[in-house]
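Given next are the chains, with one letter for each unit.
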Amino acid sequence: MERLANGIEKLKTTASQVEDLKAKLASQEVELNLKNQDAEALITKIGLQTEKVSHEKTIADAEEQKVAAIQAEVSAKQKDCEDDLSKAEPALVAATTALNTLNKVNLTELKTFPNPPIAVTNVSAAVMALMAPRGKVPKDRSWKAAKIFMGKVDDFLQALIHYDKEHIPENCLKVVKEEYLKNPEFHPDLVRTKSFAASGLCAWVINIIRYYEVFCDVEPKRQALSQANTDLDTATGKLETIRKKLVDLDANLRRLTTRFEKATAEKVRCRDEVTRTNRTIELANRLVKGLESENIRWAQSVQLFEAQEKTLCGDTLLTAAFVSYIGSFTRHYRQELVESMWIPFLKSQKVPIPLTEGLDPIGMLTDDATVAAWNNEGLPSDRMSTENATILTNCERWPLMIDPQQQGIKWIKNKYGSDLKVVCLGQKGYLDTIERAVAGGETVLIENLEETVEPVLDTLLGRNTIKKGRYIRIGDKECEYSSRFRLILHTKLANPHYKPEMQAQSTLINFTVTRDGLEEQLLAEVVSTERPDLEKLKSELTKQQNDFKIELKRLEGELLTRLSAAKGSFLGDTVLVEKLETTKLTAAEIECKVFEAKENEIKINEAREFYRPAAERASVLYFIINDLSKINPMYQFSLKTFNIVFHKAIERAEKCDEVQERVVSLKDCITYSVFLYTSRGLFERDKLTFLSQTAFQILLINKAIDPQELDFLLRFNIELSSKSPVHFLSSQAWSAIKTMSMWDGFRGLDRDIEGSAKRWKKLVESECPEREKFPQEWKNKSSLQKLIMLRALRPDRMTYAVRNYVEENMGSKYVEGARMEFAKSYEESSPATPVFFILSAGVNPLKDVESLGKKLGFTIDLGKLHNVSLGQGQEVVAEKALEKASHEGHWVILQNVHLVAKWLGTLEKLLEKYSEGSHPDYRVFISAEPAATPDEHSIPQGILENSIKITNEPPTGMLANLHAALYNFDQDTLEMCAREQEFKSILFCLCYFHACVAERRKFGPQGWNRSYPFNTGDLTISVNVLYNYLEANTKVPWEDLCYLFGEIMYGGHITDDWDRRLCHTYLEEFMHPDMLEGELFLAPGFVAPPNLDYVGYHKYVDDVLPPESPVLYGLHPNAEIEFLTVISDNLFRTILEMQPRDLAIGEGSVQTAEEKVKNVLDDILEKLPEKFNMHEIMLKTSERTPYIVVCFQECERMNLLIHEIRRSLKELDLGLKGELTISSEMEALQSALYYDTVPGSWTKLAYPSTYGLGQWINDLLLRCRELDTWTQDLVLPAVVWLSGFFNPQSFLTSIMQSMARKNEWPLDKMCLTVDVTKKTKDDYGHPPREGAYIHGLYMEGARWDAQCGITEAWLKDLTPAMPVIYVRAIPVDRQETKSIYACPVYKTKTRGPTHVWTFNLKTKEKPARWILAGVALLLSV
C-alpha cells in the first residue's frame, strides 16, 4: 500500500512539475543563443590564425626538405670518407704496433752497433729522411749521422710516436719510397734477423708511408665533408628558427581551439539541456496520460487496502483455517464449511470479526500468475485442484496427498523436477535418501503410503528436533536438520483412515479427481484426437495466456517498484521515465494480446464444446466403474487404464463428416467400449447393477428422468399399513400402491386398480408383466414410472424389467450377454498389464491361457510357460519365474494368489518393476478367489487397477449344470465298470444330484442354509468310489453309497444339520433300485434315463429335461419368485448405495444427505418410547414364574436397545450440529440412516431382522407395545406373539419349565408338541391352562391346510401366515412320529444362524417332499 501511495503521489507531482520545466526551458534557450554567438566569433579568429600557421608550415616544410637533402649528402660523403679511412687504419695500427716494439733498451742497443749491417743503416737512413724537419732530407744519412739523429733515445721515441703522419713532406716521401722502400731487403722480417729495434723502425716506416698515401686520397673528401657540414649547420639553424616561429603559432592556435571547444561544449550542453527539458516535458505528459488508468486503479487499490486493514485479521483467520482443515474434504463440503459455517460463525460473535465480503482464500494465498504456472506444470485447471495446490504450497505441516488417480503426484514431480527425491517406504536405502535430504534442505516425496507409517519416521513427521532445532533423530542417528527441508506424503488409497496423531502431524489434501475436473481433461484428450489443430491452438493459447498473466504481474510489479522507488523529481531521470513508459507500453501490448487471446479462446471453446458430450459421458462412466469397488473390492479400475480404453474407443468410433453425428458416434463407442472392458471382469450378478447404474446416470445427466422418481424406485420406502382390497395383490404390494398414489405422477392409481381389477389382475398374473401394456392411461407413463409401478406389483420381475429398460434406453447390444473371447483380452495385455482371473467355484479359466499358449508357442514343454500354484513356500519360485520370464519373454501363471496375502505387496512391486524394460512377449496371468467379505480382501489395489480382470463363472440352470457334470466324463468312463447298467444309472443320478446341489445355491437360504463350495472334484471322486464299490460287491450297496456321498464327499462341506438332512434326502430319493427299472423320477416329468452311451445321455438331457424351474430341484415355483425378489431388492439397494450423495431428492428444493439424515433421526427420536421402569415392574409381583422371568429378560434387553438407539441418535445429532467430532461409529450410523438400513450398533443389541430401517422401527414399536401390555399385570397374554421376542427359545423353554414344575416331569425327558388351530389371535380371550397359544409365524415353501396339514403352496403366496398354534410340553416317549414333518423354525428368511426350534407338523405327504422344498416356519417375513 505504501508503494502504491508513493506511486500515486509521484504521478500527482508530475503534472505540476511540467510548468516549472517550461520556464526553465525558456532561460536555457536564451543562454544557448549567447553561446552560439561566442562560438561563431572564435571560429573567425581561429580561421585567420590557422591560415598563418599553414603559410609558415609551408616554408618550414620547404626548408626541412633542403636540410634533409644536405643531410643526405653529408651522410654519403661521411660514409665515403669513413670507408677510405677504414682502409688506412690497418697501416696505422701496424705502425703503432711497430712503435710498441721499440723501447729505450732496444734503441740503446741499436745505437751501440758500431757498424751495423746495410739493412739496419737503410732503416735508420729512411727514418732520418722521413723525419727531416720541414722536408729537407739530409744528405748524410750514414750510421754515424743516424746515431746523432737519434740522440736521446727517449726523445727519439717520442718523436716517432708524435710524428705528423698526415703531413709528410713530398720530398721526404719521395726519398724514402725511391731509395729504400724499393729495396727488397727493406722488410721487417729480414731486418729482424739483424736487429729487433731496426725491424720495428722498418715496419713503422713502411706502414706510415702506406697510411699517408691513403690519407692523401681521403683528404679532399674530408674537406668536402667539412664544407657540407657547414652548409648543414647553416640550413639547420634556419630551420630551427622557422620551427620556433611555427611552434609559437601552433600554441596560439591551440589556445584558440581550446577556447572554441569549450564554447562548443557549452553550446552543446545548453542544447542538450534544452533537448532534455523538451523530452522530459514530453515524457511527463506521456507518462501522466499513459499511467492515468493506473492512477485510478492504484487509488482504488489503496482504498481497498485501507479497507483490508480492517478485515485483515478475520481474512487471515479464515484463510489459516482453510489451509489447516479443509484439505481432506470434497468440493461440496469445503464450500459448505466456508460459506455456511465459518463465515456465519465469525460474524455472529458478540464482537463480530470483520471479513472481506466474498473473500476467496485462494486469492489471499496465491495469484493468477502462480496458478497459471501450476497449470503449465500439469495441475488440472479445475477449482478443486487449484485449492489443493494452494494448500500444499502454503501449509506448515507436512502435506499428505490422497491421490488415487495419481494426478497430484504427476504435478508434484513436474513442479520440482530433478530436485525432488522420490522414495517408497521399505525400498532399499530410502532412509539414507531422507537423511541426506534433511541435512541438505531438499524436498522429499514419500509415495504410495499405506494407512500406517513406520515408527522410525515418527520424529520426522512430528518435527521433534533436538539441540535447539539444529538436529533431528531418525532411527538411531542424529541428523542435521535444515530449515529448508520439505516433506510431501502421498497415498493411492481412495479412502484411507489415518491415526489421529498422523492427521495432527500432516495436512490431509484430497486430490481425488472430480467429475468436472476429469471432464475437462477428457475433453482435451478427445479434441486433441479429433481436432489436433484446435487442441494444439488451445494448449498454446492457454500457455500463452498463462505466460501473459505471469508477465503482466511481473511488469506491473516492476512498474510500481520503479515509480515508488524513484526519489525526488524522477522526471529528470530520463532512463527511469523511459523504462516506466516501456513497461507500461509492454503491459498495454500484452493486455491487447490477452484480449485478442480471450476472443480466440471463446471461438476455440465454442468449437471444443461440440465434443463436450463425449467427454461428459466418459467422465460419468469412469466414476460409475470407480464406484464398483463398493460392490466388490476386486472391481478396481485405474484412471490410467480407463484412459487407454477411452482412446481406443475414439479410434474405433465410426467416422462422420458432421461433427454432431461424430459426437453421437463417439458417445456410443466410448460407452460400449467401457461396458465391454468392465463387464468381462464382473460377476453375472453384478453386470445388471453396472448396466442399470450406467443407464440411470446417463439419463440423469441428460435430464431425461426425474431424480426424485429414481430415488423412490431405489429406496421404495413403504409402510405396511394397508390391507389389499384385491386378492391378486399382497398387503405389501397394496401398501406400495397407496404410497405411490400420494405422488403427483401416480395420483388415482389405487382407485384405478380397484375399479379395473380384471385388467390389472391380467397384468399382475402375466408370466412376463414387464412386456405387457399397462391398463388405461398408465400405458402412457414414462419408462421409469412403469418400473416403479411394476416394482410394487411384481417385484420378482424387476431384474427382467430393468434389463428391458436398459435395452430400451441404450440398445440391445448391452443386454445380449456375449462373452469376449480370451484371445481379444490377451491382445490388450502387455508386460505392464497382467490378466487377472477372478475365480468362481467349479471353473478353471486357466485352460484358456494354456490353449492360447499352445497356439502361440508358449507351453510348459517348450519352457516358455511357468505355472506356479501359490501356497506355502512357493513365493520364491514365483519370484524366480517372474524374473526369468521378464528377461526371456515367457508367460507366467500365478494361481490362487489369495493364499499368500503377505507376499502380495512384494508381487505388486515386482509387477511394477518388470513392467518397464522387459521383453515384449512377457506376460503375467494371475488368478484369485474373491474374499467372502470386504474386510477379508487382501489383493493390493495396484495389482487390480493395472490388470485386465476376467470372471469365469460356472453354468447356470439345470440344463447347463447337468451337461457340465457329464462333461467331466467320457465314453471310456461309462464302459470302465463290469456292471455297466448299474454304474451308468447311478453315475447319471450322481450328475443330476451334483447339478441339484450346485444350482440350488442360487435360491439362497431356502436352497441351503449356508453356501457351500461344491465342485467337480466331489463328483469325480464320488464316481471313483462308485466304481470301486460296484467292482467289489455283488449287490449295489445303496446305504453305503448314500453315506459315503452324503457324509464324506459332499457332506464334508456341510456344516448345518438341516442342510445335511437335505443332502441325505436327495441321495435317498435318487439312489434307489427303481432307477434300474426305469421307474425313478428325478423330477416331475424327468425319468432316470435308460442304458445309453455318452452322446445319448447328452441328447436325452436336451430332449427330455423339462424347462428350467425350481421344481427340478424339489422346490416350489414360489422359490423362484422369492429368489428373484431378493435379487431385485439387492439390485436396487446396491444401485442406491452407488448414487452420489449430493443427488437431488426433489425438484426445486434439494435435500442434502445431512438434511435427510436429520429428518430420519428426529422422526425416530420422536417415536422412540421411554425405557421400561424395571423397578416398578418387578414390584408388581413377587412371583418369578418362568413366564415372568422371560418377560423381565425381554424388558431388560429392550431397555438396552432403546438406550443405545437414543444415545447414538443424540450423539449423531450433536455431531451434525458441529458440537461433537464425527467418529467412525457416528459416520456408520449416518450412512445407515441415509440408506434406510439398521445401524450395526443397534443390531448387535437387537434381534435378527431383514427389515429396512422404517419397517424395523415400526416392528420395534410393536414389540414395545406387546411388552408394555404384558407388564401391565404380568399375566401371560391370551395369544403370545412369538415373533416379538428377542429370544423366542427362552419363551418356548419356559413352556416346558412351567409344565415340568406343574406335572413334576423331568425337564430333560420332555419335548414340545404343537397343534395348529383353526383360529386367529382375536378368537382367544385368555391363555390355555397348560402351554401357550402363539401367533406371528409364517410358512415358507408350502402352506398349512386345516384338513391335510402341510400342503402345496398357492402360486405367488410366498409366506402364508399360520393360524394360532397351541404349544405345550409332553414327555418325549409320548411324541407322535408318524406322518410328521420335523419343521425347523427360524427367526428370519436368512435362516441359518437364526434357528429357534423344531415343530413337528402333520403331513399326508412324504416328509422328503417338504425337506427338498425347504419348508420352514419363519417368525418374520
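Residues numbered from 1 in each chain as written. Predicted model: local features only at pLDDT ≥ 70, side-chain atom pairs only at ≥ 80, totals over all residues. Heavy atoms only, no water.

S.K.: Quick question: what am I supposed to make of the overall build of the chain here?
M.R.: When its secondary structure is counted, the chain shows 51 helices and 25 strands. Overall size of the chain, expressed as C-alpha extent along the three principal axes, is 210 × 95 × 75 Å. Taken across its 1421 residues, the chain has 48% of its residues classed as buried. Partitioning the contacts of the chain with sequence separation of at least 6, the portion at a separation of at least 24 is 75%. As displayed, the chain has an accessible area near 70,000 Å², and 51% of this comes from carbon and sulfur atoms. When the 176 basic and 203 acidic side-chain charges of the chain are each reduced to a single mean position, those positions are 5 Å apart. (Helix = DSSP H or I, 4+ residues; strand = E, 2+ residues; numbered from the N terminus. Buried < 20%, exposed > 50% of the residue type's maximum accessible area, 1.4 Å probe, protein only. Contact = heavy atoms within 4.5 Å. Areas by Shrake-Rupley, 256 points an atom, 1.4 Å probe, with all protein chains shown as cover. Lys, Arg positive; Asp, Glu negative; His and termini not counted. Charge placed at Lys NZ, Arg CZ, Asp CG, Glu CD.)

S.K.: Even after reading the chapter, I still don't get the pattern of salt bridges, so can you show me in this structure?
M.R.: Any two side chains of opposite charge can pair, given that their charged atoms come close. Using the criterion set out here, one finds 48 salt bridges in the structure. Of the charged contacts in the structure, one is a salt bridge between Glu1122 and Lys1389, with a shortest N-O distance of 3.0 Å. Of the two residues, Glu1122 is situated in helix 43 (residues 1118-1138) and Lys1389 in the loop between strand 23 (1380-1386) and strand 24 (1395-1402); the sequence distance between them amounts to 267 residues. By sharing partners, the salt bridges in this structure join Arg334, Asp360, Arg383 and Glu387 into a single network. (Salt bridge = Lys/Arg side-chain N within 4 Å of Asp/Glu carboxyl O.)

S.K.: Whenever I open this one, the sheet that holds strand 6 (residues 477-480) confuses me. Can you help?
M.R.: Reading across the sheet, the 3 strands line up as 4-5-6 and stay open at both edges, with antiparallel pairing between neighbours. Edge positions in the open sheet fall to strand 4 (465-466) and strand 6, since each of these has one partner strand only. Relative to strand 6, strand 5 (residues 471-474) runs antiparallel, the two being bridged by 4 bridges. In the strand pairing of strand 6, Arg473 is matched with Glu478. (Pairing = 2+ DSSP bridges.)

S.K.: How do you make sense of the sheet that holds strand 23 when you look at a structure like this?
M.R.: Sheet strands pair by backbone hydrogen bonding; their relative direction is either parallel or antiparallel. An order of 19-25-23-24 is seen for the 4 strands of this open sheet, with the pairing classed as mixed. The open sheet has two edge strands, strand 19 (1338-1340) and strand 24, and neither has a second partner. Direction aside, neighbouring strands of the sheet carry axes that sit 35° apart on average. Examined bridge by bridge, strand 23 and strand 25 (residues 1416-1418) share 2 bridges and lie parallel to one another. Residue pairing for strand 25: Tyr1386 is matched across the bridge by Leu1418. (Axes fitted to C-alpha atoms, helices over the stretch in contact; angles between N-to-C directions.)

S.K.: Which parts of the structure should I look at to understand the packing of helix 30 (residues 798-810) against helix 43?
M.R.: It is the contact of helix 30 with helix 43, at a shortest axis distance of 8 Å, that shows an interaxial angle of 50°. Judged on the interaxial angle alone, helix 43 and helix 30 are oblique. Counted together, Met798, Thr799, Tyr800 and Val802 of helix 30 and Leu1124, Ile1127, Ser1128, Leu1131 and Phe1132 of helix 43 form the full contact between these two elements. When the residues that make up the contact of helix 30 with helix 43 are grouped by side-chain class, the tally is 7 nonpolar, 2 polar and no charged. (Parallel < 35°, antiparallel > 145°, perpendicular 65-115°, else oblique. Nonpolar A, V, L, I, M, F, W, Y, C, P; charged D, E, K, R; others polar.)

S.K.: What am I meant to see in the pairing of strand 13 (residues 948-951) here?
M.R.: Each regular strand shows side chains that alternate between the opposite faces of the sheet. In strand 13, alternate side chains face the same way, and those of Ile948 and Ile950 on one face and Lys949 and Thr951 on the other are all buried. Pairing geometry for strand 9 (residues 835-838) and strand 13, over 4 bridges, is parallel. Note that in strand 13 the partner of Phe837 across the bridge is Ile950.

S.K.: Mind showing me how you'd approach the packing of helix 22 (residues 639-652) against helix 23 (residues 659-679) here?
M.R.: The contact between helix 22 and helix 23 brings their axes to 8 Å, and the two run at 135°. The orientation of helix 22 relative to helix 23 falls into the category oblique. As helix 22 runs across helix 23, the sense of the crossing is right-handed. Contacts between helix 22 and helix 23 involve Thr641, Phe642, Val645, Phe646, Ala649, Ile650 and Arg652 from the former and Arg662, Leu666, Cys669, Ile670, Ser673, Val674 and Tyr677 from the latter. The residue inventory of the contact of helix 22 with helix 23, partitioned by class, reads 10 nonpolar, 2 polar and 2 charged. (Left-handed = near helix turned anticlockwise from the far one by under 90°.)

S.K.: Any chance you could explain the environment of Ala1353 here in plain terms?
M.R.: You can see Ala1353 is positioned in the loop between strand 21 (1349-1351) and strand 22 (1365-1371). Classification of Ala1353 by relative accessible area gives buried; the value is 9%. Put simply, Ala1353 and Met1339 are 14 residues apart on the chain and 9.2 Å apart in space, counted from C-alpha to C-alpha. With residues near it in sequence (within four places) discarded, Ala1353 still touches His1116, Asn1118, Ala1342 and Arg1343.

S.K.: Looking at this model, I keep getting lost on the nonpolar core. Mind explaining?
M.R.: Soluble globular proteins: nonpolar side chains tend toward being buried together. In terms of nonpolar packing, the biggest core is built from 256 residues, with Tyr992, Trp1242, Trp1256 and Phe1291 touching the most fellow members. Setting aside chain neighbours within four positions, we find Trp1256 in contact with Leu1201, Ile1205, Val1238, Trp1242, Ala1246, Tyr1247, Ser1249 and Tyr1251. By size, the runner-up hydrophobic cluster in this structure holds 42 residues, among which are Val120, Val123, Leu130 and Cys172. (Core = buried A, V, L, I, M, F, W, Y, C linked by side-chain atoms within 4.5 Å.)

S.K.: It is not clear to me how the confidence of the model for the chain should be interpreted in this structure. Could you clarify?
M.R.: Any residue range with low pLDDT should be treated as having predicted coordinates unsuitable for detailed reading. When pLDDT is averaged along the chain, the result is 85; 93% of the residues meet or exceed 70. Throughout residues 1143-1149 the model reports pLDDT below 50, and contacts reaching past four residues in sequence, or to other chains, amount to 14 contacts. (pLDDT = per-residue confidence, 0-100.)

S.K.: Can you help me understand the side chain of Arg612 in this one?
M.R.: You can see Arg612 is positioned in helix 21 (residues 612-626). A polar side-chain atom of Arg612 sits 2.9 Å from a polar atom in the side chain of Glu520. Separated by 2.7 Å, the side chains of Arg612 and Glu609 make a polar contact. Other than its neighbours up to four places away in sequence, Arg612 contacts Glu519, Glu520 and Leu523. (Polar contact = N/O pair within 3.5 Å; in protein donor to acceptor, adjacent residues only side chain to side chain.)

S.K.: Help me understand the side chain of Ser886 in this model?
M.R.: Within the element layout of this structure, Ser886 appears in helix 33 (residues 875-888). For Ser886, the contacting residues outside a window of four places in its chain are Tyr914, Ser918, His919 and Tyr922.

S.K.: In this structure, what is going on with a negative patch on the surface? I would like to understand it.
M.R.: A surface patch of like charges, here negative, comprises Glu654, Asp657, Glu658 and Glu661. With a relative accessible area of 82%, Asp657 lands in the exposed category. (Patch = residues over 30% accessible without salt bridge, like charges linked within 9 Å, V, L, I, M, F, W, Y side chains within 5 Å.)

S.K.: Please explain the environment of Lys864 as it appears in this structure.
M.R.: In this structure, Lys864 sits in the loop between helix 32 (846-856) and strand 10 (865-869). Judged by its relative accessible area of 37%, Lys864 falls in the partly exposed class. In sequence terms Lys864 and Ala885 are 21 residues apart; their C-alpha atoms lie 7.7 Å from each other.

S.K.: Looking at this structure, how should I read the environment of Gly1331?
M.R.: Following the sequence through the fold, Gly1331 ends up in the loop between strand 17 (1310-1316) and strand 18 (1332-1335). For the pair Gly1331 and Glu31, spaced 1300 residues apart in sequence, the C-alpha to C-alpha distance is 136 Å. Those residues in contact with Gly1331, other than ones at most four positions away along the chain, are Tyr1187, Leu1276, Ile1295, Met1299, Tyr1366, Val1367 and Arg1368.

S.K.: Help me out: how do you make sense of the packing of aromatic side chains in this one?
M.R.: Two aromatic rings are characterised by how far apart their centres lie and by the angle between their planes. For the structure on display, the rule yields 47 aromatic pairs. Seen from their ring centres, Tyr481 and Phe485 are 6.3 Å apart, and the 70° between their planes marks the pair as edge-to-face. Here the two residues Tyr481 and Phe485 agree in accessibility, since each one is buried. Ring-pair connections join several aromatic residues into one group, and the members of that group are Phe988, Tyr992, Phe993, Trp1008, Tyr1012, Phe1014, Tyr1050, Tyr1066, Phe1070, Phe1086, Tyr1097 and Tyr1100. Positioned over the ring face of Tyr471 is Lys467, at 5.1 Å from the centre of the ring. (Phe/Tyr/Trp six-rings, centres within 6.5 Å; stacked < 30°, edge-to-face > 60°. Lys NZ or Arg CZ within 6 Å of the ring centre and 35° of its normal.)

S.K.: What should I look at first to understand unusual backbone geometry in this one?
M.R.: Negative phi is the rule for most residues except glycine; trans is the rule for most peptide bonds. Although it is not a glycine, Leu1274 sits at a positive phi angle of roughly 55°. Counting through the fold element by element, Leu1274 comes out in the loop between helix 49 (1253-1273) and strand 16 (1279-1281). The class of Leu1274 is buried, set by a relative accessible area of 7%.

S.K.: Help me understand helix 28 (residues 757-764) in this model?
M.R.: Because the α-helix completes a turn every 3.6 residues, residues three or four places apart line up on one side. What helix 28 keeps buried is the set Trp760, Leu763 and Val764. Looking down the long axis of helix 28, one finds its buried residues gathered within 95° of arc, a one-sided arrangement. Exposed residues pointing more than 90 degrees away from the buried face of helix 28 are listed as Lys758 and Lys762. Tucked into the core, helix 28 has its buried residues touching helix 27 (749-755) and helix 29 (783-793). (Arc of directions from axis to C-beta.)

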